[in-house]
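Breakdown of the fold
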Amino acid sequence: MPEGHTIHRLARDLYRAFGRRPVAASTLQPRFDGGAAQLDGATLTRADAHGKHLFLTFRAQRPADRCLHVHLGLYGKFPIATAPALEPRGALRLRLENEERWADLRGPTACELVSPVEREVILARLGPDPLRSDADPDRAWARISRSKVAIGALLMSQDVLSGIGNVYRAEVLFRHAINPYREGRLLRRVDWDAIWLDLCVLLREGVRAGRIVTTRPADRPRGRARREDSFYVYRRAGEPCRICGTEIRTEVMIGRNLFWCPYCQPA
DNA sequence: GCTAAATGTTGAT
DNA sequence: TCAACCTTTAGCT
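Because the structure is predicted, anything quoted here is derived from the model rather than measured. (Residues numbered from 1 in each chain as written. Chains lettered and ligands numbered in written order. Predicted model: local features only at pLDDT ≥ 70, side-chain atom pairs only at ≥ 80, totals over all residues. Heavy atoms only, no water.)

DNA strand C sits among Arg31, Tyr75, Ala91, Arg93, Arg106 and Gly107. Close to the protein, within 4 Å, the atoms of DNA strand C are drawn from sugar and phosphate at a rate of 44%. Separating a phosphate oxygen of DNA strand C from a side-chain N or O atom of Arg31 is a distance of 2.5 Å. For the surface near DNA strand C, the per-class residue count stands at two nonpolar, one polar and three charged. (Near = heavy atom within 4 Å. Polar contact = N/O pair within 3.5 Å; in protein donor to acceptor, adjacent residues only side chain to side chain. Nonpolar A, V, L, I, M, F, W, Y, C, P; charged D, E, K, R; others polar.)

This brings us to the packing of aromatic side chains. Counted under the stated rule, the structure contains five aromatic pairs. Here the aromatic rings of Tyr181 and Trp260 are separated by 5.6 Å at their centres, their planes lie at 70°, and the arrangement is edge-to-face. Here the residue Tyr181 occupies a position in the loop between α6 (166-175) and α7 (189-209), and Trp260 occupies one in strand β10 (residues 256-260), the gap between them amounting to 79 residues. On the numbers, 5.4 Å between centres and 90° between planes, the contact of Phe231 with Tyr234 is edge-to-face. (Phe/Tyr/Trp six-rings, centres within 6.5 Å; stacked < 30°, edge-to-face > 60°. Helix = DSSP H or I, 4+ residues; strand = E, 2+ residues; numbered from the N terminus.)

Attention shifts here to the layout of surface pockets. Considered as a void within the structure, the second largest pocket measures approximately 330 Å³ in volume. Lining the second largest pocket are 14 residues, and of these Thr6, Leu10, Leu72, Phe78 and Pro79 sit closest to its centre. At five residues, helix α1 (residues 4-18) tops the list of elements feeding residues into the lining of the second largest pocket. (1 Å grid on protein atoms, 1.4 Å probe; cavity = no way out; pocket = protein on both sides within 12 Å on 5 of 7 lines; lining within 4 Å. Points joined across faces, edges and corners; volume = space filled by probe spheres on them.)

This paragraph deals with the protein's contact with DNA strand B. Of all residues adjacent to DNA strand B, which total 20 residues, the nearest are Lys52, Gly165, Tyr234, Arg256 and Asn257. Atoms of DNA strand B within 4 Å of the protein belong to the sugar or the phosphate in 62% of instances, the rest to bases. One of the side-chain N or O atoms of Glu3 is found 3.1 Å from a sugar or linking oxygen in DNA strand B. Here a phosphate oxygen of DNA strand B and a side-chain polar atom of Tyr234 are 2.5 Å apart. Those elements that place two or more of their residues in the surface near DNA strand B are α6 and β10. Grouping the constituent residues of the surface near DNA strand B by class yields seven nonpolar, eight polar and five charged.

What follows covers the side chain of Arg119. Relative to the helices and strands, Arg119 is located in helix α3 (residues 116-124). Within the local environment of Arg119, its side chain forms a polar contact with the side chain of Asp48, the two groups lying 3.4 Å apart. Apart from residues lying up to four places away in sequence, Arg119 is in contact with Arg46, Asp48, His50, Phe55, Thr57, Cys67 and Val114. (Contact = heavy atoms within 4.5 Å.)

Bringing the pairing of strand β3 (residues 53-59) into the picture now. The buried fraction of β3 is high, at six of seven residues. Alignment of strand β2 (residues 43-50) against β3, held across seven bridges, turns out to be antiparallel. Residue pairing for β3: Ala47 is matched across the bridge by Leu56. Here β2 folds back onto β3, and the loop between the two strands holds two residues, one of which, Gly51, carries a positive phi near 60°. (Buried < 20%, exposed > 50% of the residue type's maximum accessible area, 1.4 Å probe, protein only. Pairing = 2+ DSSP bridges.)

Our focus in this paragraph is the pairing of strand β7 (residues 101-105). Along β7, four of the five residues are buried, which leaves the element largely enclosed by surrounding structure. Note: strand β5 (residues 80-82) against β7, three bridges, orientation antiparallel. The partner of Ile80 across the bridge, within β7, is Ala103. Summarising the sheet, strand β6 (residues 94-97) and β7 pair through four bridges and their orientation is antiparallel. Across the sheet, the residue bridging to Leu96 is Ala103, located in β7.

This is how it looks when you write it as structure tokens:
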């Protein structure tokens, strides 16, 4: 289940597994029959991620290059495995396969072939992505610094900045002692600069590790690393804050469960 | 075995 | 604000 780091890692891994040579494509879902047929036998020439959106560019024999747009949504998966492939089964949206590897896409919000123009329309909606070298954090600041919307909601808005989801939103606000309900326009520039820099570091570490870890080593219990020690506040409602011991609070903000420490992140 | 919730987005009300 | 999309898993019985 994906925030931006998952998609960037997926783009990298798909290109390593399938890039630069023909790939077999198939589906068990009639709605994607046409799409899979167009990709079958094509060569993957590019895989890139913008926020939570994945674009796979294929060079086909005819009539022109095809671009596959994938968004995993909340529970989409696209795991890559080593041959031999298992029998295709269930709600399989797309299988990519070559001699060595196979990957099954299941449960995505989006899986569609798009034209260059359609791709640009999608990209135009997205704010800067901390994982991209071409990202301009000033674009996000221009929106945030004028907004009466809570920073906890702004961080989740993919048109303000892209790639951040519910875990990174909660965790980065904790790391900077920012109350999630503070209006964007009341944020200080130095706070935004620090948040952006931190997101760049955290997301890059997420790509490397393949999972989200936001706690500093000194703030984790000693001993063997456990998944539940990876976060300061996410999904820790009612548990004691790792820094001050205050009970972590939770409330729904823009339809998602928000978590924060009322002492470390005062209003 | 069943239910609810989950790192997300869109479109209708 | 809510349902829908669609799959997996954690936490119950």
